[in-house]
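Residues per chain, in single letters:
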Amino acid sequence: MNLLIVEDEVRLRNAIANNIPWEKHGIEVVGQAGNGMEALRLIDRKKPEIILLDLQMPEMDGLTLARQLRQDDPLLKIIVLSGHDDFVYAQEALGLGVMKYLLKPAGDEEILETVLEAADRLKSELEQRHNEDELKQKWKLNLPNRINEFFQGWLNGKYEPWEIEQKSKVLQLDLQKDAEYAVAVVDMDPLSEDETRFSKKDIPLLQFSLSSIVKESLMATSCWVSTDYAGCTVIVFQLDGNEEPGIALQKINAVTEKLLLTVRSCLRLSASAGISGITGNQEDMNRLYVQAVRALQNRIVLGYDLAIPYREEQGREPELTCQPNLEKALEIALETGDGDKAIETLTALWDSGMAKAETVEDMHEHILYFTSLFICMIQKQGWPVREVAGEDYVYFRNHLELAAKEQILSWLQRMIRAYLTYASQRRKSTSHSMIKTILSLVENEIDQEMTLHAVADRLYVNSSYLSRLFKQETGKAFSNYVLERKMERAKAILQEGARVYDAAAGVGYTDVSYFTRVFRKYWGVTPGEVRH
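This one's a predicted model, so the numbers in the text were calculated from it and none came from an experiment.

Criteria and cut-off values
- Residues numbered from 1 in each chain as written.
- Predicted model: local features only at pLDDT ≥ 70, side-chain atom pairs only at ≥ 80, totals over all residues.
- Heavy atoms only, no water.
- Phe/Tyr/Trp six-rings, centres within 6.5 Å; stacked < 30°, edge-to-face > 60°.
- Buried < 20%, exposed > 50% of the residue type's maximum accessible area, 1.4 Å probe, protein only.
- Lys NZ or Arg CZ within 6 Å of the ring centre and 35° of its normal.
- Helix = DSSP H or I, 4+ residues; strand = E, 2+ residues; numbered from the N terminus.
- Pairing = 2+ DSSP bridges.
- Polar contact = N/O pair within 3.5 Å; in protein donor to acceptor, adjacent residues only side chain to side chain.
- Contact = heavy atoms within 4.5 Å.
- Expected span 1.5 Å × (residues − 1).
- Axes fitted to C-alpha atoms, helices over the stretch in contact; angles between N-to-C directions.
- Parallel < 35°, antiparallel > 145°, perpendicular 65-115°, else oblique.
- pLDDT = per-residue confidence, 0-100.

Peer 1: I tried to follow the packing of aromatic side chains on my own but got confused; where do I start?
Peer 2: Remark: the centre distance and the inter-plane angle together describe each pair of aromatic rings, the angle taken between the planes. Throughout the structure, instances matching the rule amount to 20 aromatic pairs. Measuring from centroid to centroid gives 5.5 Å for Y509 and F515, while their planes differ by 55°, and the two rings are tilted. Residue Y509 shares its accessibility class with F515, and that shared class is buried. Taken together, the ring pairs connect F150, F151, W154, Y159, Y181 and W224 into an aromatic cluster. Sitting over the face of the ring of W523, K491 holds its NZ or CZ atom 4.2 Å from the ring centroid.

Peer 1: Just to check I follow, could you spell out the pairing of strand β9 (residues 271–275) for this structure?
Peer 2: Remember that side chains alternate between the two faces of the sheet whenever the strand is regular. Burial analysis of β9 places five of its five residues in the buried class, the great majority of the element. Judged from the five bridges that link them, strand β6 (residues 181–188) and β9 form a sheet pairing that is antiparallel. Across the sheet, the residue bridging to D187 is S272, located in β9. Bridge count for β9 against strand β10 (residues 307–309) is three bridges, and the pairing is parallel.

Peer 1: For this particular structure, what's the right way to read the side chain of E331?
Peer 2: In this fold, E331 is placed in helix α12 (residues 324–335). You can call E331 buried: its relative accessible area is 13%. At a separation of 2.4 Å, a polar atom in the side chain of E331 contacts the side chain of K380. Beyond its immediate sequence surroundings of up to four residues, E331 is in contact with M377 and K380.

Peer 1: Help me understand helix α8 (residues 203–217), please; the structure alone is not making it clear to me.
Peer 2: In an α-helix, one full turn covers 3.6 residues, which means residues spaced three or four apart are oriented alike. In a regular helix each residue adds 1.5 Å, so 15 residues correspond to 21 Å; α8 covers 21 Å between its end C-alpha atoms and thus fits that length. Residues L206, Q207, S209, L210, S211, I213 and V214 constitute the buried set of α8. On its buried face, α8 sits against β6, β7 (223–227), β8 (233–238), α9 (245–267) and β9.

Peer 1: Got a minute to help me understand the packing of helix α20 (residues 478–495) against helix α22 (residues 512–523) in this structure?
Peer 2: Helix packing for two helices is described by the angle between their axes and how far apart those axes are. Across the interface, α20 lies against α22 with an axial gap of 11 Å and an inter-helix angle of 100°. As judged from the angle between their axes, α20 and α22 are roughly perpendicular. Residue-level inspection shows L483, E484, M487, E488, A490, K491 and L494 of α20 in contact with α22, the latter providing F515, V518, F519, Y522 and W523.

Peer 1: Teacher, can you tell me more about the confidence of the model for the protein chain here?
Peer 2: Caution is warranted with low-pLDDT regions, since their predicted coordinates should not be read in detail. For the protein chain, the average pLDDT comes to 85, and 93% of its residues sit at 70 or higher. Overall, residues 313–318 carries pLDDT values under 50, and its contacts beyond four positions in sequence, including any with other chains, amount to 12 contacts.

Peer 1: Can you walk me through the pairing of β7 in this structure?
Peer 2: Judged by how many residues are buried, β7 sits mostly within the fold: four of five residues are covered. The sheet contact formed by β7 and β8 spans five bridges and is antiparallel. In the strand pairing of β8, W224 is matched with V236. Hairpin connection between β7 and β8: a loop of five residues separates the two successive antiparallel strands, and G231 in this loop has a positive phi of roughly 90°.

This is the structure in structure tokens:
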């Protein structure tokens, strides 16, 4: 839980933030504010769940701030810490939804217990808000999108058989394991030049209308309707197991032709469809989808307003087939620095494609495939391909210099090692640069109050990440390092003969008494003893 302390008395504010072991109890102090206006700005940026609030403050008093916060976020837990033992104040605060009204000087234990009570109450309220009925309702509302995502993944060959079975059960889809399937892809035809009702910007609207018409028209048919990444409408037909595949496809062609007629009648625009040339089981879905897409593409030759079945004479099945699961596995292995897994996945990609290539043309197709795959993964990281590849960059420019399978495989393996080496160097360089910046900030601004959250904000990173990175690189927690540098600087200032007040100001302490306690706790002697 995140806590914001709003208190105009600096000494008390620092004591609450630093003397209570918040982290031990899962509470993180995300900021401190000296008045209501400053608190509003911090709340907008830090989004705390609990606020410890004083009432008497400049610019905006605590009750005014509490009133506004309760309107903006009813779940926000507000604890008042006030020096006013006045029933009217307490009554008004509690009327605004303040959880508890503590009187100064409240002890550390009492403050801690109250904050922990607020955290427990907030957790309970959140659990009640997300009860089973609400979750079921949200699931029901989101179900169509989840189903569409499932079909997109299934059509593109992203799922293993066990994933298809598991996901279909979760989504309550009645997929019969041994059933046969066929696929049709339907899309609006390009608009003619004399079309005045719609323009290219209306294409998404027309595709949505098409999908709606298809769903309504096929309600009585054993099928599922979804959309693919291109916005086309995809129909997955589940076939009667007792019917011959040829007869089943003939019926699907007839249903699709009738569907196109309905579209034309409703929209007064034409659409075309591509239909898979075969039927297949669950594992064949990607092949059926690819066939339907290729059949639809043939409308460029045959014309529009057609249901086009896939035919082998349209072109032989290519030797090069997409392997989205292996491609994703290779990308994950490289991004996580798992070299062995990357080599293993590359070998699997190689064995499924290049290893089977029998002609020079097929080899060149596979080289282009691997080249584009590596370029995409490198550029996705925002890296220059030339820098990552080094001397091997020449093969990206002219793959004809790769003359044998063994040479190609060796090049690809070197590219994996080059990717991992470059990634490691980038991480080290980035970490070193950020830590160097932080150390410079500490030295240059040691006369100011410095917190991890403030530094994280200036570097546009989150404080948890910065804390872990700093400790990993320096071996010290950020707060301990800052304290160490401040105490060493303060000691040096005192040894030069400066007053205790000047030493405190020189390292960012406005409260001399508080500085003295911290100094003595760190060095074991008072500032005055060091000065003399």
